[in-house]
Amino acid sequence: MLYFMLHRIYSELFFPQLQQQHDEVAPGLFEAPCRQLAAVLGSFSPIPGLPTAAPGRSPRCLRGGQSPRGAGCEKGRAQGERGPMSAEEGGASPRRQPMGGGLAGRGEGRGAGRAQAGPEPEPRSRLKMEAPGPAPAPRRFTWEEIAQRSARGPPPQERWLVIDRKVYDISRFHRRHPGGSRVISHYAGQDATDPFIAFHPDKALVRKYMSPLLIGELAPDQPSFEPSKNKKLVEDFRELRAAVEKMGLLKPNRTFFMLHLCHILLLDVAAWLTIWYFGSSTVPFLISAVLLGTVQAQAGWLQHDFGHLSVFSESRWNHLVHKFVIGHLKGAPASWWNHLHFQHHAKPNCFRKDPDVNMHPLFFALGKTLSVELGVQKKKFMPYNHQHKYFFIIGPPALVPLYFQWYIFYFVVQRKQWVDLAWMLTFYIRFFLTYLPLLGVKGILGLHLLVRFIESNWFVWVTQMNHIPMHIDYDKNVDWFSTQLQATCNVHQSLFNDWFSGHLNFQIEHHLFPTMPRHNYWKVAPLVKSLCAKHGIEYHCKPLLTAFADIVHSLKDSGELWLDAYLHK
């Protein structure tokens with residue numbers, strides 16, 4: 001009870017509005033106990049700085065507020081003016097004071113109260129709640145301040161980025177980013193508006209999770225993106241992006257993808273039927289290997305579609321089918337693909353940010369600028385002037401069977417991706433259960449190795465023809481459109497080229513609009529060409545075999561540049 005009485009006195013002194021609400025709910029609940037405690041406290045010397053009550057007045061009466069119990073306080077005032085009332089006078093002892101009072105007692109007490117405690121404040125019913133003050137203004141930043149938060153330099157390595165003029169602190173969040181820590185960190189200290197729009201189909205949902213990361217916005221005198229970027233080009237591309245959305249080019253035709261999945265499954269069944277019906281002799285064995293290699297290549301292009309969230313409107317369905325295609329049909333982890341591929345799209349051909357060019361400088365010298373830099377530094381990990389020759393040995397034939405095949409298991413175990421590991425195991429269980437009775441242990445191991453060899457050649461030639469011959473350098477933080485155009489090129493359209501490359505012959509359009517369904521690339525290509533022509537940017541497009549040859553020519557040129565710098569600079 002002592003706790004409630006103290007709480008009552010404290011709330012009446014400092015939070016009268018809240019106490020009024022309480023009075024209306026439970027009138028008179030602690031009136032008598034509060035007066036009893038006030039009478040006791042009144043015998044002590046007052047504390048400096050706190051209002052004091054006249055004799056017989058409870059602290060509540062200091063405000064002179066009106067309430068359903070106000071008469072009790074007024075009677076206390078009157079009693080304090082005349083002295084303690086006796087039982088014969090109709091009063092009560094301080095320990096048994098009544099809760100009500102008459103008009104006479106109220107008026108008499110009012111005069112005494114003024115004489116001892118000063119002017120009577122306004123009744124509580126006339127008090128007005130003070131309006132809340134204005135919300136604090138958001139913090140304003142300059143591009144110079146933001147550029148300093150790029151996770152470089154000594155700790156603490158802050159990471160800030162800008163989206164639609166809003167500044168977000170991702171210093172802690174980047175490790176929990178669903179797309180991976182590195183892909184979002186690659187834009188630390190930069191404007192990330194265009195990649196944010198490109199990678200996230202459901203932007204409204206994502207923005208809800210971004211709210212806790214918001215720390216301010218750009219100052220009014222600051223442009224919406226870095227001053228070094230081409231303002232007109234950025235604005236024109238954003239207009240193109242809006243037009244693409246309005247035209248419905250980001251909407252998928254699910255029948256297209258389902259038919260593509262069916263043709264992969266039919267090829268898989270045909271490969272098994274070939275050996276089951278014709279036996280395990282050389283010709284049926286090779287035919288089955290080619291069919292299975294085709295299955296792996298085409299499943300690779302299909303999982304690419306699901307990984308980019310290009311098939312279903314809901315991300316969770318894309319993720320689920322992605323795990324089935326890449327895990328059960330290919331035996332690879334979805335998390336590994338996401339970790340590498342999104343970085344590649346965020347900063348293509350940017351050394352130290354795009355993992356696809358991490359073969360520099362350990363195996364190859366890539367790009368004119370980096371090759372010369374390597375030669376000037378007198379670094380020689382390989383005979384780079386011969387790299388266009390040994391590319392045929394350690395490149396297309398070896399990447400999947402000798403590297404990817406084993407590294408993916410290390411990746412899922414090291415990162416504890418147990419769900420991906422389970423999907424991968426279903427591929428190997430199915431493969432061994434269906435082919436082991438037909439081929440035996442040696443035959444099935446040979447078939448698996450041959451299939452990976454075919455898949456590796458197919459994969460490397462198609463994916464590298466669009467990037468190795470293009471500009472490779474450090475990240476220069478140029479606009480999104482220029483970043484993608486200088487790192488990618490196209491291959492002529494045809495039914496075979498579209499099927500063979502999984503529509504990645506439209507690499508430019510794919511990089512500009514990563515979530516666009518591949519069957520719409522040819523529709524947006526004329527618009528992209530028009531924008532390139534307007535701004536004097538070269539739109540590279542070439543025949544398929546020429547694109548293959550350019551890989552070798554590019555490696556030869558960069559190797560010669562390295563050798564010249566190594567010997568003479």
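Computed from a prediction, not measured in an experiment: that's the story for all the values here.

### Points about the sheet that holds strand S3 (residues 166-169)
Strand order in the open sheet made by the four strands is S1-S4-S3-S2, with mixed pairing throughout. Each edge of the open sheet carries a strand with a single partner, namely strand S1 (140-141) and strand S2 (160-163). Inspection of the sheet shows S3 paired to strand S4 (residues 214-218) by three bridges, in the antiparallel sense. Residue pairing in the sheet places Tyr-168 in a bridge with Leu-214 of S4.

### Overview of the UniProt feature "transmembrane region" (unreviewed entry) in the chain
The residues that UniProt annotates with the feature "transmembrane region" (unreviewed entry) are residues 256-279, 285-302, 390-412 and 432-451. Along residues 285-302 one finds 100% helix and 0% strand; the C-alpha atoms at either end are 25 Å apart. Along residues 432-451, the helical share is 100% and the strand share 0%, with 14 Å between the first and last C-alpha atoms.

### Here we look at the pattern of salt bridges
Within this structure, the stated rule accounts for 19 salt bridges. Taking the shortest distance from any N to any O, the salt bridge between Asp-236 and Lys-534 comes out at 3.0 Å. Placement of the pair is Asp-236 in helix H10 (residues 231-246) and Lys-534 in helix H22 (residues 521-534), with a sequence separation of 298 residues. Accessibility expressed as a relative area gives 6% for Asp-236, which makes it buried.

### Remarks on helix H17 (residues 399-414)
With 16 residues, H17 extends 21 Å from end C-alpha to end C-alpha; this agrees with the ideal 22 Å at 1.5 Å per step. All of the buried residues in H17 are Val-400, Pro-401, Phe-404, Gln-405, Ile-408, Phe-411 and Val-412. Those residues of H17 that are buried lie in contact with helix H14 (334-346) and helix H18 (418-464). The positive-phi residue at the C-terminal boundary of H17 is Lys-416, with phi of around 55 degrees.

### What to know about the packing of H14 against H17
In a pair of packed helices, the angle between the axes and the distance between the axes together describe the arrangement. Where H14 contacts H17, the axes come no closer than 9 Å and their chain directions differ by 100 degrees. Taken together, H14 and H17 sit at an angle that is classed as roughly perpendicular. The segment H14 lies against H17, with Ser-335, Trp-336 and His-339 engaging Phe-404, Tyr-407, Ile-408 and Phe-411.

### Focus: helix H12 (residues 282-307)
End to end, H12 covers 37 Å across 26 residues, agreeing with the expected 38 Å (1.5 Å per residue, within 8%). With respect to burial, H12 is a largely interior element, 21 of its 26 residues being buried. The first or second residue beyond H12 is Leu-309, which carries a positive phi of 60 degrees.

### A short note on the side chain of His-339
The topology assignment puts His-339 in helix H14. In this view, His-339 contacts Arg-182, Phe-411 and Arg-415; residues no more than four positions away in its chain are not counted.

### A look at the nonpolar core
Phe-237, Phe-481, Leu-512, Phe-513 and Val-528 are the most contacted members of the largest nonpolar core, which has 49 residues in total. With six residues, the single largest contributor to this core is H22. Once residues lying within four places of it in the same chain are set aside, the contact partners of Phe-237 are Asp-194, Trp-480, Phe-481, Leu-512, Phe-513 and Leu-531. Residues Phe-364, Ala-365, Ile-472 and Val-491 belong to the second largest nonpolar core, which totals 29 residues.

### Digging into the packing of H10 against H22
Running from N to C, H10 and H22 cross one another at 165 degrees; their axes reach a closest spacing of 11 Å. By the criterion of interaxial angle, the relationship of H10 to H22 is roughly antiparallel. Where H10 crosses over H22, the handedness of that crossing is right-handed. Two secondary-structure elements touch here, H10 through Lys-232, Leu-233, Asp-236, Phe-237, Leu-240 and Val-244 and H22 through Val-524, Leu-527, Val-528, Leu-531 and Lys-534. Classifying every residue of the contact of H10 with H22 gives eight nonpolar, no polar and three charged.

### Quick word on the packing of aromatic side chains
Under the defined criterion, the tally for this structure stands at 36 aromatic pairs. Seen from their ring centres, Phe-427 and Phe-431 are 6.0 Å apart, and the 20 degrees between their planes marks the pair as stacked. Taken together, the positions of Phe-427 and Phe-431, both in helix H18 and four residues apart, correspond to about one turn of that helix. No difference in accessibility class separates Phe-427 from Phe-431, as the two residues are buried.

### As for the pairing of S2
In S2, alternate side chains face the same way, and those of Trp-160 and Val-162 on one face and Leu-161 and Ile-163 on the other are all buried. Strand direction decides the pairing type here: S2 and S3, joined by four bridges, are antiparallel. In the strand pairing of S3, Leu-161 is matched with Tyr-168. Count of turn residues in the S2/S3 antiparallel hairpin: two residues, of which Asp-164 carries a positive phi of about 55 degrees.

### Focus: unusual backbone geometry
Each neighbour pair has its own omega, and for His-360 with Pro-361 the value is 0 degrees, a cis peptide bond. Within the secondary structure layout, Pro-361 lies in the loop between H14 and helix H15 (368-376). One non-glycine residue with positive phi stands out, namely Lys-378, at about 60 degrees. Tracing the backbone shows Lys-378 in the loop between H15 and helix H16 (387-394).

### Some details on a nonpolar patch on the surface
There is a patch of nonpolar side chains on the surface, built from Leu-362, Phe-363, Phe-381, Phe-392, Ile-393 and Ile-394 and spanning about 580 Å² of accessible area. Among the secondary structure elements, Leu-362 is positioned in the loop between H14 and H15. According to the relative accessible area criterion, Leu-362 is partly exposed, its value standing at 47%.

### A word on the confidence of the model for the chain
Residue-level pLDDT values for the chain average 83, and 76% of them are 70 or greater. Ignoring residues within four places in sequence, the model shows residues 1-7, a span with pLDDT below 50, making eight contacts including any to other chains.

### Let's talk about the environment of Asp-236
Through-space distance from the C-alpha of Asp-236 to that of Lys-534 is 9.7 Å; in sequence the pair is 298 residues apart. Those residues in contact with Asp-236 that lie beyond four places of it in its chain are Leu-531, Lys-534 and His-535.

What counts as what
Residues numbered from 1 in each chain as written. Predicted model: local features only at pLDDT ≥ 70, side-chain atom pairs only at ≥ 80, totals over all residues. Heavy atoms only, no water. Pairing = 2+ DSSP bridges. Helix = DSSP H or I, 4+ residues; strand = E, 2+ residues; numbered from the N terminus. UniProt positions renumbered as here; feature names shortened; annotations may be inferred. Salt bridge = Lys/Arg side-chain N within 4 Å of Asp/Glu carboxyl O. Buried < 20%, exposed > 50% of the residue type's maximum accessible area, 1.4 Å probe, protein only. Expected span 1.5 Å × (residues − 1). Contact = heavy atoms within 4.5 Å. Axes fitted to C-alpha atoms, helices over the stretch in contact; angles between N-to-C directions. Parallel < 35°, antiparallel > 145°, perpendicular 65-115°, else oblique. Core = buried A, V, L, I, M, F, W, Y, C linked by side-chain atoms within 4.5 Å. Left-handed = near helix turned anticlockwise from the far one by under 90°. Nonpolar A, V, L, I, M, F, W, Y, C, P; charged D, E, K, R; others polar. Phe/Tyr/Trp six-rings, centres within 6.5 Å; stacked < 30°, edge-to-face > 60°. Patch = residues over 30% accessible without salt bridge, like charges linked within 9 Å, V, L, I, M, F, W, Y side chains within 5 Å. Areas by Shrake-Rupley, 256 points an atom, 1.4 Å probe, with all protein chains shown as cover. pLDDT = per-residue confidence, 0-100.

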